[in-house]
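Coordinates in review
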Amino acid sequence: MAANVYALLAGIDMYPDPSHRLAGCVGDVAAVAEWLRGRLSPRQLHLETLLDADATRARFIDRVREHLGQARAGDTALLYYAGHGSRERAP
């Protein structure tokens, strides 16, 4: 049996502050999802997406733990994120 691929794709275009909004991140997620579906069988691919308002910090952490956490030895866990990053001071 072929290994499973657990993929979590997140894309955020619509940020609360209009000056921070992006164009293309949600489309990038759609393109990656299409690419994965074209290369893996439905039995192998376990795909979840989080887009815009659904891609909250809490939801993202939950899906990393619950969805990607299903991967076992020999499986692949793929996390793809498109959106703004952040910066924090490091000691």
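So, here is what we can say about the structure in this document.

Strand direction decides the pairing type here: strand β1 (residues 5–11) and strand β2 (residues 45–51), joined by seven bridges, are parallel. Of the residues in β2, the one forming a bridge with Leu8 is Glu48. Remark: the β1/helix α1 (residues 25–39)/β2 crossover connection has right-handed handedness.

Now for unusual backbone geometry. A positive phi angle, near 45°, is found at Asp52, a position not held by glycine. The topology assignment puts Asp52 in the loop between β2 and α2 (57–66). Asp52 gets classed as partly exposed once you look at its relative accessible area, which sits at 23%.

All right, on to the nonpolar core then. Formed by Val5, Ala7, Leu9, Val29, Val32, Ala33, Leu36, Leu40 and Leu45, the largest nonpolar core amounts to nine residues. Of all elements in the fold, only β1 and α1 reach the threshold of two or more residues within this core. Ranked by residues supplied to this core, first place goes to α1 with four residues. Excluding residues that lie within four positions of it along the chain, Ala7 makes contacts with Leu36, Leu45, His46, Leu47, Glu48, His67, Leu68 and Leu78.

Our focus in this paragraph is the pattern of salt bridges. In this structure the tally under the stated criterion is three salt bridges. The salt bridge involving Arg59 is made with Asp62; its shortest N-O contact spans 3.7 Å. Separated by three residues within a single helix, Arg59 and Asp62 lie in helix α2, roughly one turn from each other. Judged by its relative accessible area of 38%, Arg59 is partly exposed. Linked by salt bridges that have partners in common, Glu48, Arg59, Asp62 and Arg63 make up one network.

All right, on to the sheet that holds β1 then. What the three strands build is an open sheet, ordered β2-β1-β3; its pairing is parallel. For this open sheet the edge positions go to β2 and β3 (76–82), each flanked by a neighbour on one side alone. In this sheet, adjacent strand axes meet at a mean angle of 10° when their direction is disregarded. Bridging between β1 and β3 involves seven bridges; their strand directions are parallel. By the bridge assignment for β3, Ala10 is matched with Tyr81. Across the sheet, α1 lies against β1, β2 and β3, angled at about 160° from β1, the strand it touches most.

Reading the values: rules and limits
Residues numbered from 1 in each chain as written. Predicted model: local features only at pLDDT ≥ 70, side-chain atom pairs only at ≥ 80, totals over all residues. Heavy atoms only, no water. Pairing = 2+ DSSP bridges. Helix = DSSP H or I, 4+ residues; strand = E, 2+ residues; numbered from the N terminus. Right-handed = clockwise from strand over helix to strand, strands pointing away. Buried < 20%, exposed > 50% of the residue type's maximum accessible area, 1.4 Å probe, protein only. Core = buried A, V, L, I, M, F, W, Y, C linked by side-chain atoms within 4.5 Å. Contact = heavy atoms within 4.5 Å. Salt bridge = Lys/Arg side-chain N within 4 Å of Asp/Glu carboxyl O. Axes fitted to C-alpha atoms, helices over the stretch in contact; angles between N-to-C directions.

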